[in-house]
Amino acid sequence: MVLSSLDKMIQLQRNTANIRNICVLAHVDHGKTTLADCLISSNGIISSRLAGKLRYMDSREDEQVRGITMKSSAISLHYRTGNEEYLINLIDSPGHVDFSSEVSTAVRICDGCIIVVDAVEGVCPQTQAVLRQAWLENIRPVLVINKLDRLIVELKFTPQEAYSHLKNILEQINALTGTLFTSKVLEERAERDTDCQVNPSSEQGEQVYDWSSGLENTDDSHLYFSPDQGNVVFTSAIDGWGFGIEHFAKIYSQKIGIKKEVLLKTLWGDYYINMKAKKIMKVDQAKGKKPLFVQLILENIWSLYDAVLKKDKEKIDKIVTSLGLKIGAREARHSDPKVQINAICSQWLPISHAVLAMVCQKLPSPLDITAERVERLMCAGSQMFDSLPPETQALKAAFMNCGSEDTAPVIIFVSKMFAVDAKALPQNKPRPLTQEEIAQRRERARQRHAEKLMVAAVQVAVEPTQDGSALETKPKVESRGGEQQAESMAPKAVPEGENKEECFIAFARVFSGVAQRGKKMFVLGPKYSPVEFLNRVPLGFSTPADELPPVPHMACCALENLYLLMGRELEELEEVPPGNVLGIGGLQDFVLKSATLCSSPSCPPFIPLNFEATPIVRVAVEPKHPSEMPQLVKGMKLLNQADPCVQILIQETGEHVLVTAGEVHLQRCLDDLKERFAKIQISVSEPIIPFRETITKPPKVDMVNEEIGKQQKVAVIHQTKEDQSKIPEGIQVDPDGQITISTPNKLATLSVRAMPLPEEVTQILEENSDLIRSIEQFTSSLNEGRNTQVIHQKTQEKIWEFKGKLEQHLTGRKWRNIVDQIWSFGPRKCGPNILVNKSEDFQNSVWPGPVSKASKETTKYRDLGNSIVSGFQLATLSGPMCEEPLMGVCFVLEKWDLSKFDDQGGSDKQNQEQSILGKEVQKAGEKHSSGAESQELQDGCPERFEKHTAQKGETSLSDCYGPLSGQLIATMKEACRYALHVKPQRLMAAMYTCDIMATGDVLGRVYAVLSKREGRVLQEEMKEGTDMFIIKAVLPVAESFGFADEIRKRTSGLASPQLVFSHWEIIPSDPFWVPTTEEEYLHFGEKADSENQARKYMNAVRKRKGLCVEEKIVEHAEKQRTLSKNK
Ligand SMILES: Nc1nc2c(ncn2[C@@H]2O[C@H](COP(=O)(O)OP(=O)(O)OP(=O)(O)O)[C@@H](O)[C@H]2O)c(=O)[nH]1
Ligand SMILES: [Mg+2]
């Protein structure tokens, strides 16, 4: 056991080749923190007896109470093997889905990871998720199969059964790796192929598609987990033991006299040993031979457990002596067998050695960073490495060198900000004095004492007590007084007034250069572009200086404090060499959640972190006492900074809203807000559940499954139905749902129709929202005549591919040519709804292509067209049912009649000009146009504007409605809403996928809870070799609150679900449905709202938003009373 000093750590930090930055990843409760405890105890930071019980990395109180990790935190460990010394920067991460964003922050700053799998539960949903994250981040994994003791004690497997079970787990996880690998190879191959097509010089003859060739040629053996590759260890973290087969290969090669290399290849797998011949052969099942792994390894462990559990003292002693171990008397006598097992096994097969040796051998050092990873980190969005400026491309070498020389640029990535109590900072903490300091102080005290004695001797009057106290207290007081040389050690005064009780530390890694205290750095936001900097700032600037002209998304700051992260503790450092994980203080005003820091401005910001979970659970919060609002606002800001994934919003209604990843995350955020950041009492609203609005095809059968149209309509037709479909006068509705509506001044008329998009199309739109955004940006800049952006070839290809996919799914007469006529996507110009322009007067589409000729006519239509698009954007942002965004709707603008507007002649033309005046002025500012008109606009626009206004009041009555562009926006929005009204409207609910693992006996109860909450089981599978079932279900987010708790309670904690947002699903029931036929009337009664889930949801949202709700509270009161009496 080594308790390493800070000096040792500093020394180790300099040897980059022997640094390993690793994180521990797994499904929830598979034993990450327990494993971390074991590794930490090997450094003497915690006692080995407490390892597994303390869960040292879970430093928050709620983590300890709930027993789950909620944040990722780092600790630096020292490991020595042979002559080599290593520095392991270990990051423990949470396994609960709600905190998967914390996993993302961890993997970004690591080079490798330990994937932990519970030997009983095997591969679970989060195991898949974390493995995918590791792949996406390009970091190398090793595998720890943990909780082997459960196979012995709980499942009571024989060694042979355990071996088959372990083999099975390995197969599962390798199958997963295989899928990830194949998809990656295919993707790369596809990219290479497009490169070939782009490059005309490539050989024409090799254009034949062969999907398998890429796979066959690529060597993937090193990717898979296999004990003989040395990247798998078997452990029981709770009992403190673990082994890789190398350990046994070494022992048995000496014992049996078979070469270690041979044993390494055969200890895992179906091989057996012929002891007499000293030969290893393939297992012959018929003869009942056991594999080597069972015979030489598992059986020994099993017999040890057996002896201890049966308290067979004699056998225990025998084993202990044969292994040459020494067990303390206390442990040997202990009545708890677990203590004995731990004492024996942790000596025999120390887990920390097994795991850390594997980490050092198999995981890369910071020097081994691959070119592929560097390029990926540097290319955010749809950027390509080749298209970066040469100065930026040159930085790749710095990443790869990871050098510490003075010339190396300093590049640091901050993956999250975490809050610590200011009192816990090393500079604010009293710390033990070093020997030197004690000597200095003693010397000073002695001098003072001597002076005092002299004074006392002069004054004669001696006070005996003062002498003694002066010796102890005075020097301390003096030193705190702030003598020059003591400044760096004395605690810094915490500025008062500000909320300085919480300090933010950046969780970061140095990728290149040496991070020095006080060094000035550029802080680059995610939208920063080095190109812009290089354009604006003259060459020759290489170090951050305050006089630089302002560049968007960039700031300058100094590295105030540097820390070594030691779990719950921080140690102050003067500098941090490249390749290390570190904490940085003093960045809270510069970095919100994550950022790139660099000493060179040509560095691009790192690609944003890849978050798996979508924040979906929202609540509104307010202070209990309204006067405490400022504290709440401040607290929410701090919370936002301290959590990588929480979002805070202030809605138009003035509500302060928290958006979190799930219930557990929400609870943690609220606790933090109450206890740390705002320190006030707050009231929390019911969760705000998001919905989407859509339309569907008219149903073929009614609610009693009768074909529609065949039934007699009942005489009593419900009032509400009528009300809902009521369309005001002046709006024309065609039988096929086309709405024709005029602007208030009657000069323009629009005809709009709404159609439901096929499900696949909505999905494609959702998946490609980023691409859609760039298409829209590009097209609008093109239309406005600013052709500043150049679409990269690859992006262009992606756009055509996307368009092709849409065409593939939008077939049939109804959709003919529709894809070409797409004008916009909405809401926010990237949503899953489409606006199609079928108007013959003006053709415009969103697809990049040659700009249509800019005749005067088209310019007019184009400018007014912007209003139409805005109207569409507004309509899709909030639908008519409950003002929630729309999804999967296609609006077709069939006609667009401006003839009356044209007839109005001069004044209205001017009117129109005027409406776009603002825009033109803006444009003229941006681009100096040579036209005389724009000249005039620039020079005298205010006067002209006044003149027009005066004219307007006199000439035209229609002008009292305001500019036509504004009217068009409102009219288009109305038209879209009515077009929806005449179609069958539906609500869409957000759905979670839910994975539950449960034993057979509680399965019924799980199903009961699921069906009560409108859940739907998709799949049920039995886990091989266990009595566990894995249930995959979907569940509406609206019904999920308290679901996890209910499941846990109903199954006495045997099953716990993992909920992840998956998709939007149409709620089949019509929220406006009322009985119209006799059968329906008989079946559902007049009110018929008891079972209408959609209506319930809709009304709840409307109530929350303060919209009117048509709901009769008590109807037929006397009838209800009779009913209950009859019961
Ligand atoms: N039987 C057995 N139990 C273990 C072992 N390792 C951990 N556990 C138990 O498993 C539970 C979860 O352990 P943790 O270490 O907190 O798991 P974790 O992976 O850190 O969990 P999260 O951080 O919440 O994802 C605890 O009750 C541990 O005591 C093991 O080797 N054997
Ligand atoms: Mg944990």
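Our structure's up above, just so we're on the same page.
Residues numbered from 1 in each chain as written. Chains lettered and ligands numbered in written order. Predicted model: local features only at pLDDT ≥ 70, side-chain atom pairs only at ≥ 80, totals over all residues. Heavy atoms only, no water.

Student: Just to check I follow, could you spell out the packing of aromatic side chains for this structure?
Tutor: All chains considered together, the criterion is met by 23 aromatic pairs. With a centroid separation of 5.2 Å and an interplanar angle of 90°, the aromatic rings of Phe243 and Phe248 are classed as edge-to-face. Since its relative accessible area comes to 1%, Phe243 is described here as buried. Here Lys416 stacks its cationic end above the ring of Phe507, 5.1 Å away from the centre of that ring. Residue placement shows Arg509 over the ring face of Phe511; its charged tip is 4.5 Å from the ring centre. (Phe/Tyr/Trp six-rings, centres within 6.5 Å; stacked < 30°, edge-to-face > 60°. Buried < 20%, exposed > 50% of the residue type's maximum accessible area, 1.4 Å probe, protein only. Lys NZ or Arg CZ within 6 Å of the ring centre and 35° of its normal.)

Student: Looking at this structure, I do not really get the pattern of salt bridges. What am I missing?
Tutor: Should their charged atoms come close, side chains of opposite charge can pair. One pass over the structure, following the stated rule, counts 41 salt bridges. Ionic pairing is found between Glu102 and Lys416, a salt bridge with its closest N-O pair at 2.8 Å. Within this pair, whereas Glu102 is found in helix 4 (residues 100–108), its partner Lys416 is found in strand 10 (residues 411–421), the two being separated by 314 residues in sequence. Among the residues examined, Glu102 registers a relative accessible area of 3% and is labelled buried. Exposure remark for Lys416: the relative accessible area of 3% places this residue in the buried category. For Arg753, the salt bridge identified is with Glu894, shortest N-O distance 2.5 Å. Of this pair, Arg753 sits in strand 27 (residues 749–756) while Glu894 sits in strand 30 (residues 889–897), and the two are 141 residues apart along the sequence. In terms of burial, Arg753 and Glu894 fall into one category: buried. Each of the salt bridges in this network shares a partner with another, and the network as a whole consists of Arg60, Asp62, Asp643, Arg668 and Asp672. (Salt bridge = Lys/Arg side-chain N within 4 Å of Asp/Glu carboxyl O. Helix = DSSP H or I, 4+ residues; strand = E, 2+ residues; numbered from the N terminus.)

Student: Help me understand the site of ligand 1 in this model?
Tutor: Near ligand 1 you find 18 residues, and of these Lys32, Thr33, Thr34, Thr69 and Asp149 are the closest. A distance of 2.5 Å separates an oxygen atom of ligand 1 from a polar side-chain atom of Thr69. Between ligand 1 and Ala237 there is a distance of 2.9 Å, counted from an oxygen atom to a backbone nitrogen or oxygen. When the free accessible area of ligand 1 is taken as 650 Å², the share hidden by the protein chains comes to 84%. (Near = heavy atom within 4 Å. Polar contact = N/O pair within 3.5 Å; in protein donor to acceptor, adjacent residues only side chain to side chain. Areas by Shrake-Rupley, 256 points an atom, 1.4 Å probe, with all protein chains shown as cover.)

Student: So what exactly am I meant to see when it comes to the coordination of the magnesium ion (ligand 2) here?
Tutor: Ideal values for angles at a metal depend on the geometry: 109.5 degrees with four tetrahedral donors, 90 or 180 degrees with six octahedral donors. Those protein atoms acting as donors to the magnesium ion (ligand 2) are Thr33 (OG1) and Thr69 (OG1), and they sit at 1.9 Å. With a gap of 36 residues between them, Thr33 in helix 2 (residues 32–41) and Thr69 in the loop between helix 3 (61–66) and strand 2 (73–81) connect regions that are remote in the sequence. Taking relative accessible area as the criterion, Thr69 reaches 7% and is therefore assigned buried. (Donors = N, O, S within 2.8 Å, 3.2 Å for Na, K, Ca; no water.)

Student: What's the story with the pairing of strand 11 (residues 502–512) in this structure? I'm lost.
Tutor: Within a regular strand, side chains alternate between the sheet's two faces. Taking burial as the measure, the eleven residues of strand 11 include eleven buried ones, the bulk of the element. Looking at chain direction, strand 10 and strand 11 are connected through ten bridges and run antiparallel. Counterpart to Met417 in the pairing with strand 11 is Ala506. Here five bridges tie strand 11 to strand 18 (residues 581–585), and the two strands are oriented antiparallel to one another. (Pairing = 2+ DSSP bridges.)

Student: Help me out: how do you make sense of the environment of Met972 in this one?
Tutor: Residue placement: Met972 occurs in helix 32 (residues 964–981). Residue classification places Met972 among the buried residues on the basis of a relative accessible area of 0%. Along the primary structure Met972 and Ser867 are separated by 105 residues, whereas in three dimensions their C-alpha atoms are 8.2 Å apart. The residues contacting Met972, other than those within four sequence positions of it, are Leu750, Val752, Leu835, Ile868, Gly871 and Phe872. (Contact = heavy atoms within 4.5 Å.)

Student: What am I meant to see in the sheet that holds strand 22 (residues 656–660) here?
Tutor: In sheet architecture, strand pairing relies on hydrogen bonds along the backbone and comes in two forms, parallel and antiparallel. Reading across from one edge, 21-22-20-23 is the order of the four strands in this open sheet, with antiparallel pairing throughout. Each of the sheet's edge strands pairs with one partner strand only, and the pair in question is strand 21 (647–650) and strand 23 (682–684). Each strand of the sheet is rotated relative to its neighbour by a mean of 30°, with strand direction disregarded. Of the strand pairs in this sheet, strand 20 (residues 617–623) and strand 23 are connected by three bridges, and their pairing is antiparallel. The residue of strand 23 that forms the bridge with Val621 is Val684. The sheet strands contacting helix 21 (residues 629–642) are strand 20, strand 21, strand 22 and strand 23, and the helix crosses strand 22 at an angle near 25°. Where helix 22 (residues 663–677) meets the sheet, its contacts fall on strand 20, strand 22 and strand 23, and the angle it forms with strand 22 comes to roughly 135°. (Axes fitted to C-alpha atoms, helices over the stretch in contact; angles between N-to-C directions.)

Student: What am I meant to see in the packing of helix 11 (residues 292–309) against helix 12 (residues 313–323) here?
Tutor: A pair of packed helices can be characterised by two numbers: the angle between their axes and the separation between those axes. Running from N to C, helix 11 and helix 12 point in directions that differ by 140°, and their axes come no closer than 8 Å. It follows that helix 11 is oblique to helix 12 by the angle criterion. In this structure, helix 11 meets helix 12 at a crossing whose hand is left-handed. Taken together, the residues of helix 12 that come into contact with helix 11 (itself represented by Ser303, Leu304, Asp306, Ala307 and Val308) are Lys315, Ile316 and Ile319. For the contact of helix 11 with helix 12, the residue count by class is five nonpolar, one polar and two charged. (Parallel < 35°, antiparallel > 145°, perpendicular 65-115°, else oblique. Left-handed = near helix turned anticlockwise from the far one by under 90°. Nonpolar A, V, L, I, M, F, W, Y, C, P; charged D, E, K, R; others polar.)

Student: Could you clarify how one ought to interpret the sheet that holds strand 28 (residues 822–826) in this entry?
Tutor: Across the sheet, which stays open at both edges, the six strands sit in the order 25-26-27-30-29-28 with mixed pairing between neighbours. Each edge of the open sheet carries a strand with a single partner, namely strand 25 (732–733) and strand 28. As paired elements, strand 25 and strand 26 (residues 739–742) share two bridges and run antiparallel to each other. Residue pairing across strands places Gln732 opposite Thr740, the latter belonging to strand 26.

Student: What is the right way to read the packing of helix 11 against helix 14 (residues 337–348) from this model?
Tutor: Between helix 11 and helix 14, the least distance of the axes is 9 Å, while the angle of their chain directions is 150°. Here helix 14 runs roughly antiparallel to helix 11, going by the angle between their axes. In the packing of helix 11 onto helix 14, the handedness of the crossing is right-handed. Contact with helix 11, carried on its side by Asn300, Ile301, Leu304, Tyr305, Val308 and Leu309, involves Pro337, Gln340, Ile341, Ile344, Cys345 and Trp348 of helix 14 and no other residues of that element. Of the residues contributing to the contact of helix 11 with helix 14, the split by class is ten nonpolar, two polar and no charged.

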